[in-house]
Amino acid sequence: MKRHVDKIRGLVGEDAVLIACGFGTKKSRGKWRNITSLDMHDPGYLDQLYSAGNLAVILGSVSKNLISIDFDNDSALLDFQEANSDISNTLTTKGVRGANLWFRMDGDYPSLFKIKRHDAEIGEFRSEGGYTMIHGEHPDGVEYSVVKRVPVVTVRYEGIVWPVGYDCCTDVCVTERTERTESTDESVGVAVGC
């Protein structure tokens, strides 16, 4: 599994922090909120990653402001790419449907928030306090894959264009998070900019 860890770090950057998840799940093998870049140099921690079935990347400041925008369907992904053609040539990964676009943020950016279109959830802006799966098997039995193997684009949050009809406020606001997803390992209320 060492080659998988090395490959992932080559994609998202050597400064990205990875966590081990159970094979075929999005659940971390243990508590991950206190893991730092120093752990990525600890032989014992690396052994845990090497033996993991699935791997995820912790997002936000711990990984030098790496984020992912998760789209739950191809339509939402295409809308975003059309509105952001100048930044869409970035690392892109996929589970079962839609895709994750990976960015390195320059400047301030919000914490996690859900992206809606016509009151339906179509994705999530994943950052501080979350993680995104990048390797292994999705719970539906599909392998996570790299759709576009290119460097992660650096962008300012205010440079992102949200397509017409997307419900993403640009000021700091509060949303309630009540489900367990790969974004968080516990049910919490999260203050976010959305």
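All values reported here derive from a predicted model rather than from experimental measurement. (Residues numbered from 1 in each chain as written. Predicted model: local features only at pLDDT ≥ 70, side-chain atom pairs only at ≥ 80, totals over all residues. Heavy atoms only, no water.)

### Things to note about the confidence of the model for the protein
And then number 1: This prediction gives the protein a mean pLDDT of 86; 86% of its residues lie at or above 70.
And then number 2: Within the model, pLDDT remains below 50 along residues 170-181, and this stretch shows 36 contacts once partners closer than five positions in the same chain are excluded. (pLDDT = per-residue confidence, 0-100. Contact = heavy atoms within 4.5 Å.)

### Quick word on the nonpolar core
And then number 1: Within the largest apolar cluster, 30 residues are counted, with the highest numbers of intra-cluster contacts made by Val12, Ile19, Leu49, Val57, Leu66 and Trp102.
And then number 2: Looking at this core, the elements that each hand over two or more residues are helix H1 (2-12), strand S1 (17-21), helix H2 (43-50), strand S2 (54-58) and strand S8 (131-135).
And then number 3: Core analysis: the next-biggest nonpolar cluster, separate from the first, contains 23 residues, Ala76, Ile87, Val153 and Cys168 among them. (Core = buried A, V, L, I, M, F, W, Y, C linked by side-chain atoms within 4.5 Å. Buried < 20%, exposed > 50% of the residue type's maximum accessible area, 1.4 Å probe, protein only. Helix = DSSP H or I, 4+ residues; strand = E, 2+ residues; numbered from the N terminus.)

### What to know about the pairing of S2
And then number 1: By the criterion of burial, S2 is predominantly enclosed, with five of the five residues buried.
And then number 2: Residues Asn54, Ala56 and Ile58 of S2 are buried on one face, and the alternating residues Leu55 and Val57, pointing to the opposite face, are buried as well.
And then number 3: As judged from the five bridges shared by S1 and S2, these two strands associate in the antiparallel manner. Bridged to cysteine 21 within S2 is asparagine 54.
And then number 4: Judged from the four bridges that link them, S2 and S8 form a sheet pairing that is antiparallel. Each bridged residue has a counterpart across the sheet, and for leucine 55 the counterpart in S8 is histidine 135. (Pairing = 2+ DSSP bridges.)

### A word on the sheet that holds S2
Whenever strands of a sheet pair, they do so through backbone hydrogen bonds, lying parallel or antiparallel.
And then number 1: Overall, antiparallel pairing links the three strands, which are arranged S1-S2-S8 in an open sheet. Only two strands of the sheet have a single partner each, and these edge strands are S1 and S8. Across the sheet, the mean angle from the axis of one strand to that of its neighbour is 35°, orientation sign disregarded.
And then number 2: Across the sheet, H2 is in contact with S1 and S2; its angle to S1 comes to roughly 55°. (Axes fitted to C-alpha atoms, helices over the stretch in contact; angles between N-to-C directions.)

### A word on the side chain of threonine 90
And then number 1: Within the secondary structure, threonine 90 is located in the loop between helix H3 (74-83) and strand S4 (92-94).
And then number 2: Given the relative accessible area of 0%, threonine 90 is considered buried.
And then number 3: From its side chain, threonine 90 meets the backbone oxygen of tryptophan 102 in a polar contact 2.5 Å long.
And then number 4: Ignoring anything within four residues of it in the chain, the contact list for threonine 90 reads Leu101, Trp102, Phe103, Lys148, Val150, Pro151, Val152 and Val153. (Polar contact = N/O pair within 3.5 Å; in protein donor to acceptor, adjacent residues only side chain to side chain.)

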